[in-house]
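Per-entry structural report
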Amino acid sequence: MSEAQREVLNSIMEQQYKRFIHDVAEVRKKSEDDVKAILDAAPQLMEDYKEGGWVTGIMYESALVDKLKEEFNKGRTKEAKLKRPLRSVGWRKYTRVRAKTLALQGKSCIAIIRAGGAITLGKNGNGTCGSDSFIETVRTAIDSDFVKAVVIRVDSPGGVSLAADVMWHELKALSKKKPVIASMADVAASGGYYLAMACDKIVAEELTLTGSIGVVTAKLSLKDLFDRIGFVRENISIGKYAELEVDNRPFTEAEEEYFAQGAQYAYKSFVSKAAESRGMTYEEMNQLAQGRVWTGLQAKERGLVDEIGGLNLAIRLAKEKANIKDPGRILELRSRRGFGGLVGLLRSSAAYSEGLPAMNLGDLGKPELLMMTDYDGTDVNPVQRHLAGKVFNSAANFLDIQSLRQLLNMTFRS
């Protein structure tokens, strides 16, 4: 491990350790020295943690469920309460809660666009963020009068530099027409930071891994392996650099110089755009770049991000910048094909976990969806009618009839 890499990893680890110590001390009402002492002591027995006030109690899951039954179940006796299933609020009831109940209904829309996974050229794939899919989504936000501001939720370690650049260009075009706020999740580094720097403001979590303003490129030479196994391949080419990326030999001196020049050009372009975005000179940004990874808190101290916070803060900043006075409506835009509407929401853990309604891009042009701002709350929501049709059309091939009937009864019943 190089000294530079060791410095970065130690810096990140120290930041995470400090945050953990602080949070545990705050929650358990202990001093930070007490937390450090228990970590170093590392007791083996759970009773030690209870006696020290680090946990509230010790019991198996079944005992915990019984305790909850005693407290919340109805019944005249303890035995009667324990015989009944634990009273809880099922997912079905949550689906019936209307947006206006939570003061989330308004005529103005803030769109959430996700950039998650490795950045690649083309369409979205399994765990990748495709440039074509992302650009399609951004252009829909640009053209829609329904969307007043956009939050880009970035959770990406980077990827293909060309893909990141064309996505950055599209975000710059969006930011000229509507407020755009970047919200960094766990990782927004390299190409992930490239996207964020196109936005009006950047919000990061304290322990977000970001920065990594640099370029990594390499060529793999398998010549020694091929020689060892007796594999021979000949290259036929025309042009000085036509064999630049062949894997059966290393670079020539001319190819190595050409390859290095390409990497330097990409790096200078990245640093220049980052410097312009953050109001710094090239030299100032270069001191923070060079591939260095920073935590969100470190990035805030160095001017690489604007605020420390999560998605809710980013949404609030977007509302303020767009001068939205009503509660606003949060809508996730996505371009991924296949399941859309309700089934798409069920299959998307990210959308489900944050409670964001998920729609395909084509839905924004549907009159039924645009009607939801005029919906008076009676009868069946027009969006539900629209999604019901989409469920029948796109899910019938994947769900048996009984499962589909249960799904519709659970979700679309008023």
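Quick note: structure is the one above.
Here we summarise the structure given alongside this text. (Residues numbered from 1 in each chain as written. Predicted model: local features only at pLDDT ≥ 70, side-chain atom pairs only at ≥ 80, totals over all residues. Heavy atoms only, no water.)

For the protein chain, the count of helices and strands is 19 helices and 11 strands. Sorting the 414 residues of the protein chain into buried and exposed places 39% on the buried side. Considering only contacts in the protein chain between residues 6 or more positions apart, those separated by 24 or more positions represent 64%. When the accessible surface of the protein chain is summed, it comes to about 24,200 Å², and 52% of that surface belongs to carbon and sulfur atoms. (Helix = DSSP H or I, 4+ residues; strand = E, 2+ residues; numbered from the N terminus. Buried < 20%, exposed > 50% of the residue type's maximum accessible area, 1.4 Å probe, protein only. Contact = heavy atoms within 4.5 Å. Areas by Shrake-Rupley, 256 points an atom, 1.4 Å probe, with all protein chains shown as cover.)

To continue, consider helix H8 (residues 161-175). An ideal rise of 1.5 Å per residue puts 21 Å on 15 residues; H8 measures up with 21 Å between its terminal C-alpha atoms. Buried within H8 we find Ala163, Ala164, Met167, Trp168, Glu170, Leu171, Leu174 and Ser175. One side of H8 holds all its buried residues, which, seen down the axis, span an arc of 165 degrees. (Expected span 1.5 Å × (residues − 1). Arc of directions from axis to C-beta.)

Positive phi values are uncommon outside glycine, yet alanine 42 reaches one of about 45 degrees. The exposure class of alanine 42 is partly exposed, given its relative accessible area of 42%. Of note in the backbone geometry, serine 212 takes a positive phi value of approximately 55 degrees without being a glycine. A relative accessible area of 16% means that serine 212 is categorised as buried.

For the rest of this paragraph, the subject is the packing of helix H7 (residues 131-143) against H8. H8 packs onto H7 with a crossing angle of 0 degrees between their chain directions and a minimal axis gap of 10 Å. In terms of axis orientation, H7 runs roughly parallel to H8. Residue-level contacts link Ser131, Phe134, Ile135, Val138, Arg139, Ala141 and Ile142 of H7 to Ala163, Val166, Met167, Glu170, Leu171, Ala173 and Leu174 of H8. Among the residues making up the contact of H7 with H8, the classes are represented as 11 nonpolar, one polar and two charged. (Axes fitted to C-alpha atoms, helices over the stretch in contact; angles between N-to-C directions. Parallel < 35°, antiparallel > 145°, perpendicular 65-115°, else oblique. Nonpolar A, V, L, I, M, F, W, Y, C, P; charged D, E, K, R; others polar.)

With respect to the secondary-structure elements, lysine 321 resides in helix H14 (residues 311-322). Owing to a relative accessible area of 48%, lysine 321 belongs among the partly exposed residues under this scheme. Between the alpha carbons of lysine 321 and lysine 178 there is a distance of 9.0 Å; along the sequence they are 143 residues apart. Among all residues touching lysine 321, those that are not within four sequence positions of it are Pro179, Ile181 and Asp200.

A word on helix H11 (residues 253-278). Note that an α-helix has 3.6 residues per turn; residues three or four places apart therefore point the same way. Across its 26 residues, H11 extends 38 Å between first and last C-alpha, which sits within 8% of the 38 Å expected from 1.5 Å per residue. Considered for burial, the residues of H11 that qualify are Glu255, Phe259, Tyr267, Phe270, Val271, Lys273, Ala274, Ala275 and Arg278. Taken together, the buried residues of H11 touch H8, helix H9 (191-196), strand E6 (201-204) and helix H12 (282-288). Once H11 finishes, glycine 279 follows within two positions and takes phi at roughly 70 degrees, a positive value.

All chains considered together, the criterion is met by 17 salt bridges. Notably, a salt bridge pairs glutamate 136 with lysine 123, separated by 3.7 Å at the nearest N-O pair. On the criterion of sequence distance, the pair formed by glutamate 136 in helix H7 and lysine 123 in the loop between strand E2 (118-120) and strand E3 (128-130) is long-range, its members being 13 residues apart. In this structure, arginine 302 engages glutamate 301 in a salt bridge whose closest nitrogen and oxygen atoms are separated by 3.5 Å. Residues joined by salt bridges that share partners form a network here, namely Arg19, Asp23 and Glu206. (Salt bridge = Lys/Arg side-chain N within 4 Å of Asp/Glu carboxyl O.)

Where helix H1 (residues 3-28) contacts helix H2 (residues 32-41), the two axes come as close as 8 Å, and the packing angle between them is 110 degrees. By the angle class used here, H1 and H2 are roughly perpendicular. As for the relative orientation of H1 and H2, their crossing is right-handed in sense. Two secondary-structure elements touch here, H1 through Tyr17, Phe20, Ile21, His22, Val24 and Ala25 and H2 through Glu32, Val35, Lys36 and Leu39. (Left-handed = near helix turned anticlockwise from the far one by under 90°.)

One finds Phe134, Ile152 and Ile213 to be the most contacted residues of the largest nonpolar core, which totals 51 residues. When residues in this core are grouped by element, the largest group, six residues, is from H8. One finds Ile110, Ala149, Val203 and Leu311 within the second-largest nonpolar core, a separate group that totals 14 residues. (Core = buried A, V, L, I, M, F, W, Y, C linked by side-chain atoms within 4.5 Å.)

The residue glutamate 243 is located in the loop between helix H10 (223-229) and H11 in this model. A distance of 3.1 Å separates polar atoms of two side chains, one belonging to glutamate 243 and the other to arginine 249. Glutamate 243 has contacts with Lys219, Asn235, Ser237, Arg249 and Glu255, leaving out every residue within four places of it along the chain. (Polar contact = N/O pair within 3.5 Å; in protein donor to acceptor, adjacent residues only side chain to side chain.)

Going through the model one piece at a time under the given rule, you end up with five aromatic pairs. Ring plane angle 15 degrees and centroid distance 4.2 Å describe the contact between tyrosine 241 and tyrosine 258, whose orientation is recorded as stacked. Linking tyrosine 241 in the loop between H10 and H11 with tyrosine 258 in helix H11, this pair joins segments that are 17 residues apart in sequence. For tyrosine 241, a relative accessible area of 29% corresponds to the partly exposed category. Each residue in the set Trp168, Tyr194 and Phe270 is aromatic and connected to the rest through ring pairs, giving one cluster. Directly above the ring of tryptophan 54 sits lysine 30, whose terminal nitrogen or CZ lies 5.2 Å from the centroid. Lying across the ring of tryptophan 168, lysine 273 places its NZ or CZ 4.2 Å from the centre. (Phe/Tyr/Trp six-rings, centres within 6.5 Å; stacked < 30°, edge-to-face > 60°. Lys NZ or Arg CZ within 6 Å of the ring centre and 35° of its normal.)

As far as function goes, none of this settles anything; it's purely spatial.
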